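Descriptive analysis of the structure
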Amino acid sequence: MNKIKIILLASILTLATACSNIPLSTMIKLMDLNPLETDPKQLVVAVKAPEGVDVRDGDVVIDFDFRTDDPEYSFSHNFPVIINDDYLVPDNLKEDIEDNEKITIMQLSKQDAQTMYEGQKAVKEYRSKNEAGGAGSMNVRLVSACRDDNFSWSNSELDVYLKTQDDEDFFLFLEDMDITKLDGDIQRNINAIPNCGEAG
C-alpha cells in the first residue's frame, strides 16, 4: 500500500472514530482506492437529502494534497464540486430514495478536473525520482447545505455517495450528516442555516 493510500485510510479512520459518519464498508473499499489512478473526470458525488434541505455548488468539497521537501511538487487543492443536472441518476440510488427525499449529482468542473489530473502527474513524476515518495491524501467533505420552507429539525440528515469510475456503482461515503451540526455555532438557530432562496 503506497503512502498516499495509507494517509487516506488514516484520515478516514480518524474521522470515522470522531463522528461515526463513515461506514465500515466504505473504509474497507477505500483501502483498494488509488487516488493517483482515479480519473478526475469520472469522479461523481451524489447527495441524498430530505425535503427541506438542498445542496448547492461548493457545498461538497474534494481535498487533494501532496507534501514533499520540494515546493515544486507540493500542493494543497480544495475542489468545490458543482451540480450536474444532466447526469442520469442510476437505478441503484433511486431504490434508496423515499418519497420525501431527493438526489443531487455533483462533479468537478472541467478546470478543476484538469488541475487534479496535473497534480496526479506531478506526484507520479516525483515518486519516480525520489525514494521518500512524499505524503498525500484525498478526501470528500460536506461543508454546508441550505434550507427551504419545508425544513425540519427532525429530518436534517444527508447521505453522500461517491463514484470513482464510470463502470462502477456509487458507494456510500458519508452517512447521516446532520446539517445542524456542520457548524458548531448553529446551536439550533434556524437563521444560522442558509436559506436556499437567499444563499449566493
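Our subject is the structure listed above.
Keep in mind the model is a prediction, meaning the values are calculated, not measured.

Here we take up the sheet that holds strand β1 (residues 44-50). Reading across from one edge, β5-β6-β1-β9-β10 is the order of the 5 strands in this open sheet, with antiparallel pairing throughout. A strand with exactly one partner marks an edge of an open sheet, and here the two such strands are β5 (82-83) and β10 (171-178). Pairing of β1 with strand β6 (residues 101-107), which is carried by 7 bridges, proceeds in the antiparallel orientation. Of the residues in β6, the one forming a bridge with Val-47 is Thr-104.

As a further point, take the nonpolar core. Counting 36 residues, the largest nonpolar core has Val-45, Val-47, Val-60, Ile-62, Leu-108 and Leu-158 as its most contacted members. For this core, the element with the highest residue contribution is helix α4 (residues 110-129), accounting for 5 residues. Apart from the residues within four sequence positions on either side, Ile-62 is in contact with Leu-43, His-77, Asn-78, Phe-79, Val-81, Leu-108, Met-138, Asn-139 and Val-140. The next biggest cluster of nonpolar side chains, apart from the first, holds 8 residues, and it includes Ala-46, Ile-103, Ile-105 and Phe-170.

When you line up the elements, Glu-175 lands in strand β10. Owing to a relative accessible area of 31%, Glu-175 belongs among the partly exposed residues under this scheme. Residues Glu-175 and Asp-159, 16 residues apart in the sequence, show an inter-C-alpha distance of 4.7 Å.

Let us now look at α4. Compared with an ideal rise of 1.5 Å per residue, which puts 20 residues at 28 Å, α4 spans 29 Å between its outermost C-alpha atoms and is within 8% of the ideal. For α4, the complete set of buried residues consists of Asp-112, Ala-113, Met-116, Gly-119, Gln-120, Ala-122, Val-123 and Tyr-126. On its buried side, α4 packs onto β3 (60-67), β4 (75-80) and β7 (135-142).

The next thing to look at is the side chain of Asp-65. Among the structural elements, Asp-65 can be located in strand β3. We classify Asp-65 as buried; its relative accessible area is 14%. A polar contact of 2.9 Å, which involves the side chain of Asp-65, links it to the side chain of Ser-137. Apart from residues lying up to four places away in sequence, Asp-65 is in contact with Phe-75, Ser-76, Ala-135, Gly-136 and Ser-137.

Analysis parameters
- Residues numbered from 1 in each chain as written.
- Predicted model: local features only at pLDDT ≥ 70, side-chain atom pairs only at ≥ 80, totals over all residues.
- Heavy atoms only, no water.
- Pairing = 2+ DSSP bridges.
- Helix = DSSP H or I, 4+ residues; strand = E, 2+ residues; numbered from the N terminus.
- Core = buried A, V, L, I, M, F, W, Y, C linked by side-chain atoms within 4.5 Å.
- Buried < 20%, exposed > 50% of the residue type's maximum accessible area, 1.4 Å probe, protein only.
- Contact = heavy atoms within 4.5 Å.
- Expected span 1.5 Å × (residues − 1).
- Polar contact = N/O pair within 3.5 Å; in protein donor to acceptor, adjacent residues only side chain to side chain.

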